[in-house]
Protein chains: 2
Amino acid sequence: MQSDPSETELRLLKVLWPEGRLSAREIHDAAAVDTGWSFSTTRKTLERMEAKGLIAAEPLHGIKTFVPLRSKLDVVGGLVTRFARNVLDLDGPLPAAAFTGSRLLDEGEAEELEQLLRDLSEGEGDA
Amino acid sequence: MQSDPSETELRLLKVLWPEGRLSAREIHDAAAVDTGWSFSTTRKTLERMEAKGLIAAEPLHGIKTFVPLRSKLDVVGGLVTRFARNVLDLDGPLPAAAFTGSRLLDEGEAEELEQLLRDLSEGEGDA
DNA sequence: GCATCTATGTGACAAGTGTCGCGCAGGTGC
DNA sequence: GCACCTGCGCGACACTTGTCACATAGATGC
């Protein structure tokens with residue numbers, strides 16, 4: 001049962017994705033400038049993210065490191081789909097135009113995401 | 001202090017907006033087919049929405065009626081902006097293309113919303 | 001006038017979230 | 001060997017959210 005991340009959790013994922021693998025301390029140091037959280041908070045959030053299946057904790061050389069279990073495209077795609085459906089009452093996928101300008105996705109990724117969403121919505125399209 | 005509606009609250013707003021003014025019972029009857037909630041739940045949700053300043057309760061001929069305090073465009077605009085910023089890391093407004101196909105907004109409204117978002121983001125644009 | 005139905009007020013409760021702090025255990029420096 | 005720092009497990013607490021049920025006060029039918 002992997003649920004979507006909350007906005008808070010997403011902030012940590014955003015620092016983890018580009019790196020691939022980081023320790024709690026590293027994630028915290030990178031995120032804290034924006035979040036302003038205490039280290040405890042970062043660690044607790046990481047703990048809950050692990051419970052949700054968003055990331056995995058892997059001990060490496062003695063210290064605990066975290067790796068993302070779901071890709072950026074997968075997570076963002078889920079979030080976007082949910083938003084489109086629940087807020088906008090939109091069946092089909094959002095067009096790639098919606099993602100242009102995003103600091104989270106470069107052009108290639110935006111296209112990839114659009115393709116992903118299209119595939120998804122075809123798979124579950126209504127009769 | 002008017003905060004944004006949760007997805008649950010949004011479902012009730014969506015039945016209220018087109019009508020303008022409805023009693024709790026009417027809102028419930030219209031929403032329950034989708035939500036499956038008990039009447040208690042609908043009423044409690046309405047109560048919290050009132051506390052948030054999303055709607056106002058006005059006694060009319062003895063019974064309590066509810067009217068939206070924030071327009072559809074205002075609310076959806078806020079939600080969209082928040083989503084774009086927090087999830088997509090996007091500064092500017094979402095293009096109207098994102099809204100086409102939405103069952104919530106007709107074409108005119110989609111354009112209006114785009115205009116609104118544009119104005120908003122100009123108003124607070126960074127230096 | 002009494003039984004009934006409906007509208008409202010209010011309380012309850014479990015999850016989920018945001019945010020920490022405490023305390024122990026294992027290295028490190030001297 | 002002792003003092004100290006850091007990583008980590010765990011507990012705590014307040015708030016929001018989703019979901020109801022209970023009980024009381026009018027309004028209605030006859």
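None of these values were measured; they are calculated from a predicted model.

A.B. asks: What is the right way to look at the protein's contact with DNA strand D in this model?
C.D. replies: Every one of the 14 residues lining DNA strand D counts as a neighbour, but K44(A), K64(A), T8(B), S40(B) and R48(B) are closest to it. Each atom of DNA strand D within 4 Å of the protein belongs either to a base or to sugar and phosphate, the latter forming 42%. At 2.4 Å, a side-chain N or O of T8(B) approaches a phosphate oxygen of DNA strand D. The backbone of S38(B) places a nitrogen or oxygen atom 3.1 Å from a phosphate oxygen of DNA strand D. For the surface near DNA strand D, the secondary structure elements donating two or more residues are α3 (39–52) and β3 (63–68) of chain A together with α3 (39–52) of chain B. Per-element accounting of the surface near DNA strand D gives the leading share, five residues, to α3(B). Across the surface near DNA strand D, the residue classes tally to two nonpolar, five polar and seven charged.

A.B. asks: Any chance you could explain the interface of chain B and chain A here in plain terms?
C.D. replies: Interface size is often expressed as the accessible area that is lost when the parts come together. Each partner contributes residues to the interface: chain B has 24 residues there, and chain A has 24 residues. Of the roughly 2200 Å² buried at the junction of chain B and chain A (both faces included), carbon and sulfur atoms supply 56%. Across the chain B-chain A interface, the total number found is six salt bridges. A salt bridge links D91(B) to R103(A), with the nearest nitrogen and oxygen atoms 2.7 Å apart. Listing elements by their share of the side of chain B that touches chain A, those giving two or more residues are α1 (7–19) and α4 (72–86) of chain B.

A.B. asks: Looking at this structure, I do not really get the packing of aromatic side chains. What am I missing?
C.D. replies: For any two aromatic rings, the description comes down to two numbers: the centre-to-centre distance and the angle of the planes. All names here are of chain B. For the structure on display, the rule yields one aromatic pair over all chains. It is R25 that lies over the ring of F39; its NZ or CZ is 3.8 Å from the centre. Residue placement shows R43 over the ring face of F39; its charged tip is 5.5 Å from the ring centre.

A.B. asks: Any chance you could explain the sheet that holds strand β1 (residues 22–23) of chain A here in plain terms?
C.D. replies: Paired through backbone hydrogen bonds, the strands of a sheet run either parallel or antiparallel to each other. Residues and elements named next belong to chain A. Within the open sheet, the three strands sit side by side as β1-β3-β2. Their pairing is antiparallel. Sheet topology places β1 and β2 (55–60) at the edges, where each strand pairs with a single neighbour. Here β2 pairs with β3 via six bridges, running antiparallel. Looking at β3, one finds that A56 is bridged to V67. On top of the sheet, α3 reaches β2 and β3; it is set at about 110° to β2, its chief contact.

A.B. asks: It is not clear to me how the relation of the copies chain B and chain A should be interpreted in this structure. Could you clarify?
C.D. replies: Superposing the two chain copies requires a rotation about an axis and a translation along that axis. When chain B is brought onto chain A, the operation consists of a screw motion whose angular component is 180° and whose axial shift is 0.1 Å, with 0.1 Å RMSD remaining. On this basis, the relationship between the two copies can be described by a two-fold rotation axis. Across chain B, the rotation axis passes nearest the C-alpha of A98(B), at a separation of 2.7 Å. Interface overlap between copies: 100% of the residues of chain B at the interface are likewise at the interface in chain A, consistent with a symmetric, same-surface contact.

A.B. asks: Got a minute to help me understand the protein's contact with DNA strand C in this structure?
C.D. replies: Taken together, 16 residues sit near DNA strand C, with T8(A), S40(A), R48(A), R43(B) and K64(B) positioned nearest. In the interface set of DNA strand C, defined as its atoms within 4 Å of the protein, sugar plus phosphate atoms amount to 41%. Between DNA strand C and R25(B) there is a distance of 3.2 Å, counted from a phosphate oxygen to a side-chain nitrogen or oxygen. A distance of 2.8 Å is found between a base oxygen of DNA strand C and a side-chain nitrogen or oxygen belonging to R43(B).

A.B. asks: For this particular structure, what's the right way to read the pattern of salt bridges?
C.D. replies: Working definition: two side chains of opposite charge can pair if their charged atoms are close together. This structure, assessed with the given rule, holds 20 salt bridges over all chains. Ionic pairing is found between E7(B) and R82(A), a salt bridge with its closest N-O pair at 3.3 Å. Of this pair, E7(B) sits in helix α1 while R82(A) sits in helix α4 (residues 72–86), on two different chains. The shortest N-O distance in the salt bridge between E58(B) and R21(B) comes to 2.2 Å. You can see E58(B) sitting in strand β2 (residues 55–60) and its partner R21(B) sitting in the loop between α1 and β1 (22–23), a full 37 residues away along the chain. Classification of R21(B) by relative accessible area gives partly exposed; the value is 33%.

Quick notes on the rules
- Residues numbered from 1 in each chain as written.
- Chains lettered and ligands numbered in written order.
- Predicted model: local features only at pLDDT ≥ 70, side-chain atom pairs only at ≥ 80, totals over all residues.
- Heavy atoms only, no water.
- Near = heavy atom within 4 Å.
- Polar contact = N/O pair within 3.5 Å; in protein donor to acceptor, adjacent residues only side chain to side chain.
- Helix = DSSP H or I, 4+ residues; strand = E, 2+ residues; numbered from the N terminus.
- Nonpolar A, V, L, I, M, F, W, Y, C, P; charged D, E, K, R; others polar.
- Contact = heavy atoms within 4.5 Å.
- Buried area = accessible area lost by both parts, 1.4 Å probe.
- Salt bridge = Lys/Arg side-chain N within 4 Å of Asp/Glu carboxyl O.
- Phe/Tyr/Trp six-rings, centres within 6.5 Å; stacked < 30°, edge-to-face > 60°.
- Lys NZ or Arg CZ within 6 Å of the ring centre and 35° of its normal.
- Pairing = 2+ DSSP bridges.
- Axes fitted to C-alpha atoms, helices over the stretch in contact; angles between N-to-C directions.
- Least-squares fit on C-alpha atoms with pLDDT ≥ 70 in both.
- Buried < 20%, exposed > 50% of the residue type's maximum accessible area, 1.4 Å probe, protein only.

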